[in-house]
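One-letter residues, chain by chain:
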Protein chains: 2
Amino acid sequence: MNDVIFGKNSVLEALIAGNREINKILISKNIHSDNKLNKIKDLAKEKGIIFQFVGKEKFQPYEEFNHQGIIAQISPIEYKDLDEFLEEKKEGYSSLVILDGIEDSHNLGAIIRTCVCAGVSGIVIPSRRNVQVNATVEKTSAGAINHIPIIKVNSLVNAVQKLKNSDWWVVAADANAKDNYYDVNYTDMNFAIIMGAEHAGVSKSLLKLSDFVVKIPMLKDFNSLNVSNALSAIIFETVRQKLTNKK
Amino acid sequence: MNDVIFGKNSVLEALIAGNREINKILISKNIHSDNKLNKIKDLAKEKGIIFQFVGKEKFQPYEEFNHQGIIAQISPIEYKDLDEFLEEKKEGYSSLVILDGIEDSHNLGAIIRTCVCAGVSGIVIPSRRNVQVNATVEKTSAGAINHIPIIKVNSLVNAVQKLKNSDWWVVAADANAKDNYYDVNYTDMNFAIIMGAEHAGVSKSLLKLSDFVVKIPMLKDFNSLNVSNALSAIIFETVRQKLTNKK
């Protein structure tokens, strides 16, 4: 079900971003008109995208999703290639988030939202052993998926090696690290932050390659932060440093 | 379904914390033994809690939950009273998180985890217009629910007023604020952070009462952080300030 997105926000965001080919929008006859729906209809008209009002039986296959009576049939997401990303990289410092074995669609969706809000330049996922971008991810990302390139690589080790050779610094998050995430100065480098699987953490081969290994200090003996929340703490510290120009 | 918790982590945490009366633990005959399961059995024996190995049909009513073949029947969570919380408050500075209209169980669960990791002293929820602690919240909290008091109040406005009268400072998160969340010095006061509903934000009456209104600066024109991720950014900034003793 990679070819359908659900809900007003997601459909509206996809229309605004305009980087996904939308084949058709289906709107339930039963939903009430509101600002968002009107915007969707206006944009669809403007872009020549067909929208149809349909009975609720058309939504039956998508019952498990919170579709709010609106879905759009779209072309699948286009993953980016790491080489392509590096070639297109703009002047100045960029940032990446590398996901090593994230299994939960909701977590990936939340991570994408956080990365877009924090101005991250791209998200790297491995082609195996990590959740891929599916309908739940799109929905949970609240449209953010349209605002950031998702870079798919066959080997995270090779990708990290390549980044290191291209003047990037690599920071891995690990609960057993000595340094805290705010001990690193993120203001004067290209950096990539590696977040590990919900249970296993960042794999050893990647920890070994990383320039910094950092933890989030816990004020209680309960070390079990949700991965998207852990990333949020780290990534907004990089934003704070950038905007205040101090570590 | 307030009286059942699901999954190895949640059951184990409830056993360790010991603050919830566990009536019985049901374990599926089909699950494999592992470290966590052994710990659960040992602790249950030690505490004289009955555990039974049962066929998978016993789990049918809980199919929609990710129960991993283990559930515990427990007494419902005991909410705390704000006066009681304030009376029991320890010397030194404490912190609270106030939730104003959070609707999503997964978000509440993630918020509880983050608050425990960051050493927050309690979470305040209103008795209406906010998700209550249910089985999904317990599961998503990964057992964190047993490590932090949940304070239920009839009126958030009265609660905030009471906190202000008791030497607490109140910080509300709002996307339209002028100040950034890291502009506030959290190191030398009791503080309560108010997070608003996923769409509507913090209600006006509470914004008006707050001592500080802060935003999370966005580096991209996409202002839609998940509420638990927004809280994580703010709350770990308070941890950073505490541990480094600098704003």
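Residues numbered from 1 in each chain as written. Chains lettered and ligands numbered in written order. Predicted model: local features only at pLDDT ≥ 70, side-chain atom pairs only at ≥ 80, totals over all residues.

1. Overview of the overall build of chain A
- Counting its secondary structure elements, chain A contains eight helices and 11 strands.
- At 20 Å, chain A has a C-alpha radius of gyration in line with the 18 Å of a compact globule built from 247 residues.
- With respect to the principal axes defined by its C-alpha atoms, chain A has extents near 60 × 40 × 35 Å.
- For chain A, the proportion of its 247 residues judged to be buried stands at 43%. (Helix = DSSP H or I, 4+ residues; strand = E, 2+ residues; numbered from the N terminus. Rg over C-alpha atoms; globule rule 2.2 N^0.38 Å. Buried ≥ 20, exposed ≤ 12 C-beta atoms within 10 Å, placed from the backbone.)

2. Observations concerning the environment of F51 of chain B
Residue and element names in this part refer to chain B.
- Structurally, the position occupied by F51 is in strand β3 (residues 51–54).
- Separated by 28 residues in the primary sequence, F51 and N23 place their C-alpha atoms 9.2 Å from one another.
- Look past the residues within four positions of F51 in its chain and what remains in contact with it is I25, I27, K41 and A44. (Contact = placed C-beta atoms within 7 Å.)

3. Some thoughts on unusual backbone geometry
Residues and elements named next belong to chain B.
- Notably, Q68 is not glycine yet its phi reads approximately 55 degrees, a positive angle.
- Position of Q68 among the secondary structure elements: in the loop between β3 and β4 (70–74).
- Positioned with a positive phi, N245 is a non-glycine residue whose angle comes to about 60 degrees.
- The residue N245 is located in the segment after α8 (227–244) in this model.

4. Focus on the domain arrangement of chain A
Residue and element names in this part refer to chain A.
- Domains assigned within chain A are domain 1 (4–74) and domain 2 (82–246).
- Distance from the C-alpha centre of domain 1 to the C-alpha centre of domain 2: 31 Å.
- Contact with domain 1, which involves 14 residues of that partner, is made by seven residues of domain 2.
- Within the residue set of the side of domain 1 that touches domain 2, elements represented by two or more residues are β1 (4–6) and α1 (8–17).
- No other element matches the six residues that α1 contributes to the side of domain 1 that touches domain 2.
- Looking at the side of domain 1 that touches domain 2 residue by residue, the class counts come to seven nonpolar, five polar and two charged. (Domains from an automatic or database assignment. Nonpolar A, V, L, I, M, F, W, Y, C, P; charged D, E, K, R; others polar.)

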